[in-house]
Amino acid sequence: MTTIPEHGTSRPLDDSWTPLVKVLSAMITFAPIHVALQAYTDFDGACGPYVQTLQEDEGDLYMEAVSNAYLDPEIGPDSVNTLLELGWNLPDDDFPNFFRFIPSSDVRPGDVADFLLRTLRDAYLVKPTDTFEFSPDDLSEAILRGDYGSVAIADLRLI
């Protein structure tokens, strides 16, 4: 059972996303504070969409999905509506990106990874065959090397 409610009509990720879910889940599990995943697609050039997490002192998780303030080209109203249906909050004066908070008792790295990847897929039209960049990069490299156990990486395209 997922601890992050599925809003709107978001369909589950298919098996082609599994390697990304596994790596992102491991990143969220082992990262000391911050994890980011940026996608580079055919239509966004060097300014691809990204999602990120920040673990707060008490273990609560703050999540962001990039807003139009940092995208070129910008996402349209349909994508913004998809983000809202997924449960993201609109950017405001305090938070320049779409954002969500998860209390520490509800943080499940696999569910968070799945949610963030559904966000990239549904709102930003990212495909599992696009190119990805994880941060912190030294942690992602250690995970992909198998330092924390085996992770199926299939055909991930990483920077």
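You'll find the structure just up there.
Notes on the structure in this doc start here. (Residues numbered from 1 in each chain as written. Predicted model: local features only at pLDDT ≥ 70, side-chain atom pairs only at ≥ 80, totals over all residues. Heavy atoms only, no water.)

1. Side note on helix α3 (residues 109-124)
Here is step 1 of the chain: For α3, spanning 16 residues, the distance from its first C-alpha to its last is 21 Å, which sits close to the expected 22 Å at 1.5 Å a residue.
Here is step 2 of the chain: What α3 keeps buried is the set V112, A113, F115, L116, L117, R118, T119, L120, R121, D122, A123 and Y124.
Here is step 3 of the chain: Those residues of α3 hidden inside the fold are in contact with α1 (18-30), β1 (34-40), β2 (50-55), β3 (61-65), α2 (77-86) and β4 (98-102).
Here is step 4 of the chain: Remark: L125 follows α3 within two positions and exhibits a positive phi of approximately 60°. (Helix = DSSP H or I, 4+ residues; strand = E, 2+ residues; numbered from the N terminus. Expected span 1.5 Å × (residues − 1). Buried < 20%, exposed > 50% of the residue type's maximum accessible area, 1.4 Å probe, protein only. Contact = heavy atoms within 4.5 Å.)

2. Comments concerning the pattern of salt bridges
Here is step 1 of the chain: Enumeration over the complete set of coordinates arrives at four salt bridges.
Here is step 2 of the chain: As a salt-bridge pair, D114 and R118 come within 2.9 Å of each other at their nearest N and O atoms. On the criterion of helical spacing, the pair formed by D114 and R118 is a turn pair, its members being four residues apart in helix α3.
Here is step 3 of the chain: In this structure D114 comes out as partly exposed when scored by relative accessible area, which is 22%.
Here is step 4 of the chain: A residue is classified by how much of its surface remains accessible, and R118, at 2% relative accessible area, is buried.
Here is step 5 of the chain: One connected set of salt bridges, linked through shared partners, spans R11, R121 and D122. (Salt bridge = Lys/Arg side-chain N within 4 Å of Asp/Glu carboxyl O.)

3. Structural notes on α2
Here is step 1 of the chain: Listed in full, the buried residues belonging to α2 are S79, V80, T82, L83 and L86. Viewed end-on, α2 has its buried residues packed into an arc of 155°, placing them on one side of the element. Relative to its buried face, α2 has exposed residues pointing more than 90 degrees away, namely P77 and D78.
Here is step 2 of the chain: The inward-facing, buried residues of α2 abut β3, β4 and α3. (Arc of directions from axis to C-beta.)

4. With respect to the packing of α1 against α3
Here is step 1 of the chain: Interhelical geometry of α1 versus α3 gives an angle of 125° and a closest axis separation of 8 Å. Put simply, α1 runs oblique to α3. The handedness of the crossing between α1 and α3 comes out as right-handed. Every residue of α3 that contacts α1 at L20, V21, L24, S25, I28 and T29 is listed here: P109, G110, V112, A113, D114, L116 and L117. (Axes fitted to C-alpha atoms, helices over the stretch in contact; angles between N-to-C directions. Parallel < 35°, antiparallel > 145°, perpendicular 65-115°, else oblique. Left-handed = near helix turned anticlockwise from the far one by under 90°.)

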